[in-house]
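Spelled out from the first residue to the last, the chains are:
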Amino acid sequence: GPLDRDYDDIRRIGEAAAAGVSRAKKAGSVKPLLYFYGIPNSDEFARFIEVAVLGITQELYAPLQARETTEEDLEPIKELGIIVENEENGKEAVRIAMAMEAGRRVARDIGRPDPERMNPAAIAEYIQNAFKDTSVSFSVVEPEEMKTEYPLAYSVGRASMAVPRHQPRIVRLEWKGDGEINETLMFSGKGVVYDTGGADVKISGIMPGMSRDKCGASNIAGFIKTVSILKPKNLHVIAELGFVRNSIGSDSYVADEIIIGHSGARVLIINTDAEGRLVMCDCLSHLRKRAIEENIQNARLMTCGTLTGHAMRSVGSYTISMDNGPARLQNITTRVQTAGESYGEIIERSFVRRDDFESNKAKNSTYDVKNLGVPTPAGSRGHQLAAAFLTVASGVDKHGKDSDK
């Protein structure tokens, strides 16, 4: 389609490349050749080679469970030729794209399978294998330790403890580049392997698809895979990924419970279907504590999760990014948006307001913060309320614009 209208963007190149390779595959081609014509000479389309390659590799990807359950070669195309004007630039673009695809493949392999194939134990095993030949360090926090170190996340998984393969895990990943570290990225990831809603069970047929409630954590694992291949200097990446099944059972956590999180905050449970923020909260608190204790300079703490259905109703299928005070001063979301759009990854910007913090405030002296400021996660300002909760319940609010740490 056209590339010069106000609403056209670089995604059209990826879509065209994917459509072309799909036709080539159906025709029996195993070594298709990619040729570009009519690409606008502008900054907006500067990454056209990377976007085209990523569109092709996504189209050719076969899901993990499909690959594991057939002897047929579901990914017959092993080579792709590309005609470019500048060979050196072309090779560098392909190098970056293939590193990104390696990460996206890890993310898809973890995020897409059903809740039995990718239960918490199986995910930990997959991640360990994915990083076994890299410089990424890997460790797992088992359920017994989670009771004391990740009490909010453990509470979400309490009803799953009766089934060993469903028991929760925290996966820790860490990578450090060469040279003096100038920036440390610290990620807390939501990996809810299946979300029934818990005691506040999901009804009216909305439970299918809840095995993909782990895609925030799976995306972080994929990002670190890409980083381990590209090996950027002066960068340190740390991640805590919470893989938990929000099951229903006699030991389900329920509304009206008050649970003390890792940060010491007393959390009043309003709705058990607002579980992802509880899983990420303890991980975020651990990262906060480590950044302080190790005096990590230029540490950027980030959460990543499929949180919430309200986000989808707000912006559709796009990703939302929100800044706290220090991040806003450094234009983090603006920088992420700009970088994402150059690769066809569209990110919408949202804001956490004073009202969101006030909605989560305690109404009496028995608790410090509610896990939901409105009756259901689908209420107005659902994703903003989640961000406000995470800020307070993790203790990150003590390190805002008015803090020197």
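Residues numbered from 1 in each chain as written. Predicted model: local features only at pLDDT ≥ 70, side-chain atom pairs only at ≥ 80, totals over all residues. Heavy atoms only, no water.

### Quick look at the sheet that holds strand β9 (residues 299–304)
Here's step 1: Read across the sheet, five strands follow the order β3-β4-β6-β5-β9 without closing on themselves; strand pairing throughout is mixed. Each having just a single partner strand, β3 (137–141) and β9 make up the two edges of the open sheet. In this sheet, neighbouring strand axes are inclined to one another by 15° on average, regardless of whether the strands run parallel or antiparallel.
Here's step 2: By the bridge criterion, five bridges tie β3 to strand β4 (residues 169–176) in an arrangement that is antiparallel. Within the sheet, the bridge partner assigned to Val-141 lies in β4 and is Ile-170. (Pairing = 2+ DSSP bridges. Helix = DSSP H or I, 4+ residues; strand = E, 2+ residues; numbered from the N terminus. Axes fitted to C-alpha atoms, helices over the stretch in contact; angles between N-to-C directions.)

### Here we look at the side chain of Thr-272
Here's step 1: Along the chain, the position of Thr-272 falls in the loop between β8 (266–268) and α9 (276–293).
Here's step 2: Excluding residues that lie within four positions of it along the chain, Thr-272 makes contacts with Gly-197, Gly-198, Ala-199, Asp-200, Asn-246, Tyr-253, Val-254 and Ala-255. (Contact = heavy atoms within 4.5 Å.)

### A few points about unusual backbone geometry
Here's step 1: Positive phi is not limited to glycine here, since Lys-231 has a value of about 55°.
Here's step 2: Along the chain, Lys-231 turns up in the loop between α8 (215–230) and β6 (235–246).
Here's step 3: Lys-231 gets classed as exposed once you look at its relative accessible area, which sits at 52%.
Here's step 4: Despite not being glycine, Arg-381 has its phi angle at roughly 60°, a positive value.
Here's step 5: One can find Arg-381 in the loop between β12 (369–370) and α14 (382–393). (Buried < 20%, exposed > 50% of the residue type's maximum accessible area, 1.4 Å probe, protein only.)

### Quick look at α9
Here's step 1: Counted at 1.5 Å a residue, the expected span for α9 with its 18 residues is 26 Å, and the 26 Å between its end C-alpha atoms agrees.
Here's step 2: Buried residues dominate α9, accounting for 14 of its 18 residues.
Here's step 3: Downstream of α9 by a residue or two, Asn-295 has a phi angle that is positive, lying close to 50°. (Expected span 1.5 Å × (residues − 1).)

Purely geometric numbers; function is a separate question.
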